[in-house]
Amino acid sequence: MTRPHSPDSPTAPSAGPADQSGVLRRALADPDSLPDHPPAEPPPLPDSPLLGQLLQAATGPLAEAMRTPHAFRLQILLGLVVPGPGGRPVLQQHGFRVDAEYIYPASTVKLCAAAGALLFLRHLAAATGRPITRRTPLRFHPCFPDQSVIDHDPDNLDGQTITVESDIRKIALVSDNPAHNRLYTLLGHRRINHLMWGLGLPSVRINHRLSEFRPRDEQRRTGAVDLLIPDGSAPLTLPQQHSDLLLDNAGVPRTGIGTAHVPPGGTLADRIDQPLDCSWRNRFGLADMQRLLALLVRPDLVPDNPIAADLLPTDDRKALLAAMTQFPGDSPSPVYSRDRWPDHCCKFFLPGLRRVLPADRVRVINKVGRAYGFSIENAYCFDTVTGRPFFLAAALEANPAGLVGFDGYADAAFADPLLADLGELVARKVWA
């Protein structure tokens, strides 16, 4: 992956493929053996004149956000696939305010859990010699008094079992929170963070489940998981875990969001007139979001890609990408109504892309996030006729009331057309 910069711009040292692969293997097998701190982060990507010129044509909400991008925490990262040395394709990134401040990543972290779970299952199969796959049924034991054993998923029409494959589909298709939380439990707090760092994603801090509000210490606790391997043998049990890895967002600008917030499980009567403190909450920088997507979608663009064939088989990767491409209304399992889950519900750029090309020519492999006033899209888009692709990631905070943690906070009426217009602007540049 290449980044446009001046000859004098500093570049961060990075581990070579062998080093990263070794860290990744240790994260899979024994994350306790790894240091308790994340790797150093590279300097932020400088703003790109090419992207700046493109954004000058913005109108409507995008133009409004461009006038005061700091107020909207607007960040944009465009990745163009261009010829490199010897004709080999490389990813050339063009940014606008990339990782300039904290953005709450919301459901974008679910891609970390999905990729991590597939890697972990492959490791378990190799380490135990047992036929463990993404379709192996799972049973989750309670970790807290208010929980019970879970081993049944009526939405999975293939046996109504809980599997990594069925949970990944739920995550990719409709951004299901319980499915993500199960994969978080499967991996455990320490392992999922070390896996992401091993993939070269130093900004990642995955510290809590989604829409399951518990104290910080409890968020690092995960219950036992049985893998119900259909070979007639006893289940493989992963023990309950309590991670002692303490992670925060120290040094990241603007970790307080909004001007007031409602505490978890509270009502408007419980409003606290202070910003929501995100100093220990999940984090996933925009540059790392695009890197993870490139690792999975276009591994040929990442020369230091640590996911070797023996760590993530092609069929597992294809299953994940297929789920990330499909529309909810086209899914055979789980089944989702198009009335409730229209094509664009989890593909924020899609309406704008379809203004440039007919719907049947547009493909989007992506993961969105929306919570606490933030709307985020991380996508790989391509024209099925010409094959021309681009990566596009964007984040903004659209919360004019400033109230965080209440259902009425998110101004989707502003964010949705902004992201659609951004998708259209880039598509007209690349696909025209």
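Everything numeric here is computed off the predicted structure, so don't read it as measured data.

Rules behind the numbers
Residues numbered from 1 in each chain as written. Predicted model: local features only at pLDDT ≥ 70, side-chain atom pairs only at ≥ 80, totals over all residues. Heavy atoms only, no water. Helix = DSSP H or I, 4+ residues; strand = E, 2+ residues; numbered from the N terminus. Rg over C-alpha atoms; globule rule 2.2 N^0.38 Å. Buried < 20%, exposed > 50% of the residue type's maximum accessible area, 1.4 Å probe, protein only. Contact = heavy atoms within 4.5 Å. Areas by Shrake-Rupley, 256 points an atom, 1.4 Å probe, with all protein chains shown as cover. Expected span 1.5 Å × (residues − 1). Core = buried A, V, L, I, M, F, W, Y, C linked by side-chain atoms within 4.5 Å. Salt bridge = Lys/Arg side-chain N within 4 Å of Asp/Glu carboxyl O. Phe/Tyr/Trp six-rings, centres within 6.5 Å; stacked < 30°, edge-to-face > 60°. Lys NZ or Arg CZ within 6 Å of the ring centre and 35° of its normal.

1. Concerning the overall build of the chain
So, step 1. Each helix and strand in the chain was counted, giving 13 helices and 14 strands.
So, step 2. Rg of the C-alpha trace for the chain: 21 Å, near the compact-globule value of 22 Å for 432 residues, within the 12% margin.
So, step 3. By its C-alpha atoms, the chain is 60 × 60 × 45 Å across when sized along the principal axes.
So, step 4. Looking at the 432 residues of the chain, the share that counts as buried comes to 56%.
So, step 5. Considering only contacts in the chain between residues 6 or more positions apart, those separated by 24 or more positions represent 69%.
So, step 6. For the chain, the computed accessible surface area is about 17500 Å², with 54% contributed by carbon and sulfur atoms.

2. A short note on helix H5 (residues 110-128)
So, step 1. In a regular helix each residue adds 1.5 Å, so 19 residues correspond to 27 Å; H5 covers 27 Å between its end C-alpha atoms and thus fits that length.
So, step 2. Within H5, 14 of the 19 residues are buried, leaving the element largely enclosed by the surrounding structure.
So, step 3. Once H5 finishes, Gly129 follows within two positions and takes phi at roughly 70°, a positive value.

3. A word on the nonpolar core
The tendency in soluble globular proteins is for nonpolar side chains to be buried as a group.
So, step 1. Counting 87 residues, the largest nonpolar core has Val164, Leu199, Leu227, Leu292 and Leu296 as its most contacted members.
So, step 2. Per element, the largest residue contribution to this core is 12 residues, and it comes from H5.
So, step 3. Apart from the residues lying within four places of it in its own chain, the contact partners of Val164 are Ala117, Leu118, Leu121, Arg134, Leu138, Leu183 and Leu186.
So, step 4. Core analysis: the second largest hydrophobic core is formed by 41 residues, Leu54, Val362, Val430 and Trp431 among them.

4. Regarding the pattern of salt bridges
So, step 1. Considering all chains together, one arrives at 35 salt bridges under this definition.
So, step 2. The partner of Asp273 in a salt bridge is Arg271, and the shortest N-O contact between them spans 2.6 Å.
So, step 3. Look at the salt bridges and you will find they share partners, linking Arg134, Arg135, Glu165, Asp315 and Asp316 into a network.

5. Quick word on the packing of aromatic side chains
So, step 1. Going through the model one piece at a time under the given rule, you end up with six aromatic pairs.
So, step 2. Summarising the aromatic geometry, the rings of Phe72 and Phe414 are spaced 5.1 Å apart at their centres and angled 5° between planes, so their arrangement reads as stacked. Residue Phe72 is located in helix H4 (residues 69-72), and its partner Phe414 is located in helix H13 (residues 412-431); the two are separated by 342 residues in the primary sequence. You'll find Phe72 and Phe414 in the same group, each marked buried.
So, step 3. Ring geometry for Tyr104 versus Tyr372: centroids 4.6 Å apart, planes at 45°, classification tilted. Of this pair, Tyr104 sits in the loop between strand S2 (89-96) and H5 while Tyr372 sits in the loop between strand S11 (362-371) and strand S12 (374-383), placing them 268 residues apart in sequence. With respect to burial, Tyr104 and Tyr372 carry one shared label: buried.
So, step 4. Counting every residue linked through ring pairs, the aromatic cluster contains Tyr380, Phe382 and Phe391.
So, step 5. Lying over the aromatic face of Phe348, Arg370 brings its terminal NZ or CZ to 4.5 Å of the ring centre.

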